[in-house]
Structure formats: structure tokens, C-alpha cells
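Single-letter residue listing:
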Amino acid sequence: MLSLILTAVIPLLGVILYWNFRSRYRFADKWPTLRPVYPLVGNAPIVLGKNEIERFETIRDVCISADRILKVWAGPRLLLVTSHPDLIQQILTSPVCLEKPYLYRFAGFEEGLFTAKYHVWKPARKRLNPAFNLRIIHGFVPIMVKCARKMIARLNECPDGATVDIIKYTALCTLEMACGTTLGSDVLDRDGKEEFKRGLDEAFNGAARRMMTVYLYPDIIYKMTRYYKELTEARKIVCDFFTKLIVERKEVLQQQQLTKGENNNDEDITEEDNHKPKILVDLLLSNSSDGKPFSQAQITDNAYAVITGAVDTTGLLTAHACLFLSFYPDIQDRLFAEINQYFPAGSEDQEITHEHLKDLTYTEMFMNEVQRHWTAVPAIARENTAEIEIDGVKVPPGNVFGLSLHALHQRKDVWGPDADKFDPENFSEERVKNRHPFAFLPFSGGTRICLGWRYASFSMKTIMVHLVRNFRFSSKIKPEDIRFKHDLTMKLPFEHLVQITKRNPERV
């Protein structure tokens, strides 16, 4: 009797589930679907059995094939993929597409700007905007220069002509910059720094692993894996380090307030203090205009977002840049000529200011072209919180758009027939003014554009000034050798090995 009931009920449940599924996604029937599609697992089998390089290339090809909208199934969840600048602009500027979808919660630190849900992000972003205005960033340049000089000192310890994995130096430099401007300049000079750096790496890589692995999406499965334990431990290391620093910083700020109270007639001190750029933790520890403080979780999560964001963009991109310099010696010569014009040989002690950095137009063009080819974050996602019409289709709320920035930056209908060629002139004033405003989005775009994009620009220029005026780069790696692995950021599956020739060895 039971078997008869089950025989009747199970097919009925299947029909009901299928009907609900079709009703939910019938709106998208107009758009093409990535094939093949399998029940329950969707398009996931296209990457099964493939290594991390093959997975990247498969997904890259899928994104390139998505001219307008392509339906991709991550298991039973629909993903609407596009690389078209018109659609990307529409989605990123829409007030109903400001939500980060479910994928971002896997990154943890959910009170931070990178992963926060919209209702958390909006008030936090408003309060944190002052920490990244141009005046504040200009004030950070001396910290950036100090960190870049430490990097050069480490590289100068290598023999002339040595082969180095340059990302180990650029990543440490950007970590020092980010910690110095976020938590205080002495952060990496204290006990526990090595464990902290390891925790940062493991927390980011662990989150990336889960976001990129469909079968790890369900919590019940993920919590049974060793990855869950490793990620939990890494996040605890980071949070404990932050918590200790924050407690210490609170005590310093309280003491400063007491001192100010005792010297409240000293207008010169007050004026000077008002013009000093605040490190991020100071802003996080201050009250908003309504007197409401940030919570401990918001302080920790935003510090984490800023630091990991800097290391995995600026550190990665400047390492990529050294490879491009190796590939194209003529471009390297032109870059050196511009830098040498402002910072000639023998001027190592010359002060570097934000005005100098803004004058380096070819350096900026070069770094933009690096980012176009090897976009630090190749894809982002948004979820609509209300109905939005895309290409004549009314998309109900709760759907996820996958925006491929890497594919956008390779489109020949946007960048011309030579889009595959590395050419900094793509960012000349003449070419830029005739290009789609959303053709180049290395830090996303629209309302939820990366808060630190100006900071990243100044830090990358600072690093490149020091690298190029001190070393000439070459490499046995060739452009045709370049491949990437499947990750949140565009990382090589091998080391960034470059040979460094000292331009002024007699001064070392």
C-alpha cells in the first residue's frame, strides 16, 4: 500500500516542482541557453573533471559568447550572463540592481562593503566615503612611498640579474600600504604578523574556493569538508589580530581627546590635526553625525575588505605589469623615459607627491592597458530587488546578473579589431573620448563602484615609479605561455618570474 502511495505521490511532486520552476523562469524563454543543460545540476558538468586552468578557459569562453544575455544554470539557479557595455551600464546604474547576490556571502565578513547586503552597505558607504576622498588619498602618498622604498631595498638585496617571483614583493608592499593606511603604519612590525598574513591569504583563498565550486554551495555539505574548518580558523586569526589593534587604537584616540581637552586653547594644534588624513580605523571608531558608532563586526569586516582588496588588486596588477614590461621592451623604455623625466637618476631622496603622480600620463595609460588585458576581478554579479526590463524582457526581482568584465575588455566591437594587442595608446585622450563610457571597468562601475579605486590608482603608480626607475625587467616567460586559473581574481598558475637588472648598481 505504501509503495503504491509513493508511486503516485513522487511523480506528482516532481510535476509540481517542475511547474513551479518553469513558472519562475518562463520570463527568460526569449534568451539563448548555454548547452548542454542537465536536470538539477544545470551547466555544472561543463567544468567537471577539468583542472583549474581548463575551468577558467571554459568559463571565459562562455562569457565571451554572451553577446547580450546568455542563460547559465548554476545547478537549479539561473544566472543571466552578459558582457555588453549597454547592458552592463543599465544594470550597474539601476537603483534596483544594487544588491549583491547569494554568492558573496561565501566570502564572509558580511558587514564589510565588498559583501554587505544593500541595507547594510548604503549607510556604511555614506559614512566611509570621506576616508577615500582625494584629499585623504593625497595624504596617504608618503606612506605609499615609504612602503615602495622598503620593497626596493628588499629587491636590491638580490644579485644583479637575479630571477625573482615579483609578486612576493609587490604583494608585501601593497599589504604594508593597506595596513599603514587602514590600521596604522606599524602593524606589520609587531608580533603575530606572519600568522596574520597567512590568515589573510587562507581566508581569501578559502572564500574563493567555495564561490567557484558549485557543489560546496549548500551549507550542509560545506560544513562537512575540511575547507570549512580551515576557513573558520583563518577568519579567527584575522579577527583576533584586528580586535587587538582596534582596542589599542581606541585607547590612543581616547588619550588624544583628553590631551585636546587640556589644550583646547591651542588653535594651531587643532588646525593641524584637522588637516591630517585619518587612517580608516580612526573613521570606523568615530561616531556618525547621529552619534551612532560602527559595531565591532563592521569595523573588522571593513578593515578586512580594504586590506584584502588592495593586496589582491594592486599587488597582483603591478606584478602583472612587470611581465608586460618584459614582453614589450619598447614600452618599458617609454615608461622609463617618462618616469626619469620627473624622477631622474640620483634623485632617490626626492619627495614624491600626488602632483608628480598625476603628471605620469603614459604610466597611467600603461597600467590601464594592463588592467584591460588581465582584469584583476574578471567578473561581478548583481541581483535585482524589483522588476527591471532588459532587452524588452521584464525580469522579476530576485534574479542574478553575471557581468563579465574580462570579456567586456576583450570585445572587438568595443575595442576594435586589434583588441587582443597590448597597446597603451588605447587610453590616449583621443581614443577614450570616442569609447563607450562603460567599456572599461577595472573596479566595477555605477553606484557600487569600488570605494578604493582612486587609492589603487595612486598606489599602483607609486609602485611602478620605484620599480621602473630602479630596475629593467626581462623574463623567459612569453606572452603565449600565459594562462590563468579559476579564481576570484586573475591569477597565474605559475610564478611571476622576472629577471631584474639594476639600473644604478653603483648606488646600491
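Quick note: structure is the one above.
Rules of the game
Residues numbered from 1 in each chain as written. Predicted model: local features only at pLDDT ≥ 70, side-chain atom pairs only at ≥ 80, totals over all residues. Heavy atoms only, no water. Helix = DSSP H or I, 4+ residues; strand = E, 2+ residues; numbered from the N terminus. Buried < 20%, exposed > 50% of the residue type's maximum accessible area, 1.4 Å probe, protein only. Polar contact = N/O pair within 3.5 Å; in protein donor to acceptor, adjacent residues only side chain to side chain. Core = buried A, V, L, I, M, F, W, Y, C linked by side-chain atoms within 4.5 Å. Contact = heavy atoms within 4.5 Å. Arc of directions from axis to C-beta. Axes fitted to C-alpha atoms, helices over the stretch in contact; angles between N-to-C directions. Left-handed = near helix turned anticlockwise from the far one by under 90°. Nonpolar A, V, L, I, M, F, W, Y, C, P; charged D, E, K, R; others polar. Pairing = 2+ DSSP bridges.

A few words now on the side chain of Glu57. Along the chain, Glu57 falls in helix H2 (residues 52-65). Given a relative accessible area of 18%, Glu57 falls into the buried group. A polar side-chain atom of Glu57 sits 2.7 Å from a polar atom in the side chain of Arg483.

A few words on the nonpolar core. Ranked by internal contacts, the top residues of the largest apolar core, which has 113 residues, are Leu155, Phe242, Phe366, Leu467 and Phe473. Here this core takes 14 residues from helix H12 (residues 296-327), the largest share from any one element. Leave out the neighbours within four places in its chain, and Leu155 touches Val164, Ile166, Tyr169, Leu467, Phe471, Ile500 and Lys502.

By the burial criterion, the buried members of helix H4 (residues 118-128) are Val120, Trp121, Ala124, Arg125, Arg127 and Leu128. The arc enclosing the buried residues of H4, seen along the axis, measures out at 160°, which places them on a common side. Turned more than 90 degrees off the buried face of H4, the exposed positions are His119 and Lys126. On the buried face of H4, the contacting elements are helix H11 (280-285) and H12.

With respect to the element layout, Arg210 can be found in helix H7 (residues 193-211). A distance of 2.9 Å separates a polar side-chain atom of Arg210 from the backbone oxygen of Leu216. Of note is the side chain of Arg210, whose polar atom sits 2.6 Å from the side chain of Asp219. In this structure, Arg210 is in contact with Arg105, Phe106, Leu216, Tyr217, Pro218, Asp219 and Tyr222, ignoring residues within four places of it in sequence.

Turning next to the packing of helix H6 (residues 166-182) against H12. In the contact formed by H6 and H12, the axes pass within 8 Å of each other and the chain directions differ by 145°. Here the hand of the crossing between H6 and H12 comes out right-handed. Contact residues: H6 offers Ile166, Ile167, Thr170, Ala171, Thr174, Leu175, Ala178, Cys179 and Thr182, while H12 offers Ala303, Val306, Ile307, Ala310, Val311, Thr314, Gly315, Leu316, Thr318, Ala319 and Cys322. Across the contact of H6 with H12, the residue classes tally to 14 nonpolar, 6 polar and no charged.

Spatially, S3-S9-S8 is the arrangement adopted by the 3 strands of the open sheet, whose pairing is antiparallel. Each edge of the open sheet is held by one strand with a lone partner, namely strand S3 (163-165) and strand S8 (471-474). Shown here is a sheet whose adjacent strand axes are inclined to one another by a mean of 45°, direction ignored. Relative to strand S9 (residues 497-502), S3 runs antiparallel, the two sharing 3 bridges. In the sheet register, Asp165 faces S9, and the bridge partner there is Leu497.

Right, let's get into the environment of Thr174. Position of Thr174 among the secondary structure elements: in helix H6. Given the relative accessible area of 1%, Thr174 is considered buried. Residues Thr174 and Ile463 lie 289 residues apart in sequence; the distance between their C-alpha atoms is 8.7 Å. When near neighbours in sequence (up to four residues on either side) are disregarded, Thr174 contacts Ala310, Val311, Thr314, Gly315 and Ile463.

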